[in-house]
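Structural overview
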Amino acid sequence: MSKLFINSLAELTQYEGQEMGVSEWHTITQEQITKFADATLDHQWIHLDAERARTETPFGATIAHGYLTVSLLPYLWHQIVEIGNLKMQVNYEIENLRFNQAVTVNSEVRLRAKMLSVKDLRGIAKTRIEVTLEINGSKKPAYTGIITFLYHFNA
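Worth saying up front: this structure is predicted, and the values here are computed from it rather than measured. (Residues numbered from 1 in each chain as written. Predicted model: local features only at pLDDT ≥ 70, side-chain atom pairs only at ≥ 80, totals over all residues. Heavy atoms only, no water.)

**Overview of the overall build of the protein**
For the protein, the helix and strand inventory stands at six helices and eight strands. Counting from the amino terminus, the protein carries its helices and strands in the arrangement β-α-β-β-α-α-α-α-α-β-β-β-β-β. In terms of principal-axis extent, the alpha carbons of the protein reach across some 55 × 30 × 25 Å. Burial status across the protein gives 40% buried among its 155 residues. Distance from the positive charge centre (15 side chains) to the negative charge centre (17 side chains) of the protein: 5 Å. (Helix = DSSP H or I, 4+ residues; strand = E, 2+ residues; numbered from the N terminus. Buried < 20%, exposed > 50% of the residue type's maximum accessible area, 1.4 Å probe, protein only. Lys, Arg positive; Asp, Glu negative; His and termini not counted. Charge placed at Lys NZ, Arg CZ, Asp CG, Glu CD.)

Below, the structure is given as structure tokens:
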């Protein structure tokens, strides 16, 4: 599926109820995990101590922070859809986020997205998007949930 280009509220509403697409695979590296730990001050050993994680966890390796994987949503979403003609985009809400499986270091993840609804709030598009973060080679996704973005289009 190729990247979608959308430039108006009217164009966005045409995708209501449809799968929007799937992003490219993104590899979660230890460097990315470590930088996220430093940025968030979350230095729990399951994220940083490779030897201990290998021997003391059921994962057999360090794992990405759940919130690191969530923070990839805008980046991966932008690989699926490019929204143009915008004043701004606002992250509004995450509903029913469920972490289903840990993402181990060097795993590849990708986003699958379906547009559940688009509402017109006086010219601002409120979009509810069902998201699934898939892990390459795993039947279970890293997480599932519904994200809401607000798109403020130019007149």
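**Regarding the nonpolar core**
Counting residues in each nonpolar core, the largest one holds 37 residues, and the members touching the most others are Leu 12, Met 20, Ile 28, Trp 77, Val 81, Ile 129 and Tyr 151. If we skip the residues at most four places from it in the chain, Tyr 151 touches Leu 12, Trp 77, Ile 83, Leu 86, Met 88, Gln 89, Gly 123, Ile 124, Ala 125 and Thr 127. (Core = buried A, V, L, I, M, F, W, Y, C linked by side-chain atoms within 4.5 Å. Contact = heavy atoms within 4.5 Å.)

**Notes on helix α2 (residues 30–40)**
What α2 keeps buried is the set Ile 33, Phe 36 and Ala 37. Buried residues of α2, viewed axially, fall in a sector of 105 degrees; they line one side. Facing away from the buried side of α2 by over 90 degrees, the exposed positions are Glu 31, Lys 35 and Ala 39. Looking one or two places after α2, you find Leu 41, whose phi comes out positive at around 65 degrees. (Arc of directions from axis to C-beta.)

**A closer look at the pattern of salt bridges**
A full pass over the atoms with the stated rule returns eight salt bridges. With its nearest N and O atoms 2.6 Å apart, the salt bridge here joins Arg 54 to Glu 51. One end of the pair, Arg 54, and the other, Glu 51, are both in helix α4 (residues 50–56), three residues apart, so they sit about a helical turn from each other. Linking Glu 134 and Arg 112 is a salt bridge whose minimum nitrogen-to-oxygen distance equals 2.6 Å. Highlighted residues: Glu 134 in strand β7 (residues 124–135) and Arg 112 in strand β6 (residues 108–121), separated in sequence by 22 residues. Here Glu 134 falls in the buried class, since its relative accessible area comes to 16%. Counted as one network, the salt bridges with shared partners bring together Glu 19, Arg 110, Arg 112 and Glu 134. (Salt bridge = Lys/Arg side-chain N within 4 Å of Asp/Glu carboxyl O.)

**Concerning the side chain of Ser 107**
If you trace the backbone, Ser 107 turns up in the loop between β5 (86–99) and β6. At a separation of 2.8 Å, a polar atom in the side chain of Ser 107 contacts the main-chain carbonyl oxygen of Thr 104. Ignoring any residue separated from it by four or fewer positions in sequence, one finds Ser 107 in contact with His 26, Thr 27, Ile 28 and Ile 135. (Polar contact = N/O pair within 3.5 Å; in protein donor to acceptor, adjacent residues only side chain to side chain.)

**Brief notes about the pairing of β7**
One ladder, built from twelve bridges, connects β6 with β7; its direction is antiparallel. Paired with Arg 110 across the bridge in β7 is Glu 134. Remark: two residues form the turn of the hairpin made by β6 and β7, two consecutive strands paired antiparallel; Arg 122 in that turn has positive phi of roughly 50 degrees. For β7 and strand β8 (residues 143–153), the ladder comprises ten bridges, and the chain directions are antiparallel. In the sheet register, Ile 124 faces β8, and the bridge partner there is His 152. (Pairing = 2+ DSSP bridges.)

**Examining the side chain of His 152**
Structurally, His 152 can be placed in strand β8. On the basis of relative accessibility, which here comes to 17%, the residue His 152 falls in the buried class. Those residues in contact with His 152 that sit more than four places away from it in its chain are Leu 86, Lys 87, Met 88, Val 90 and Ile 124.

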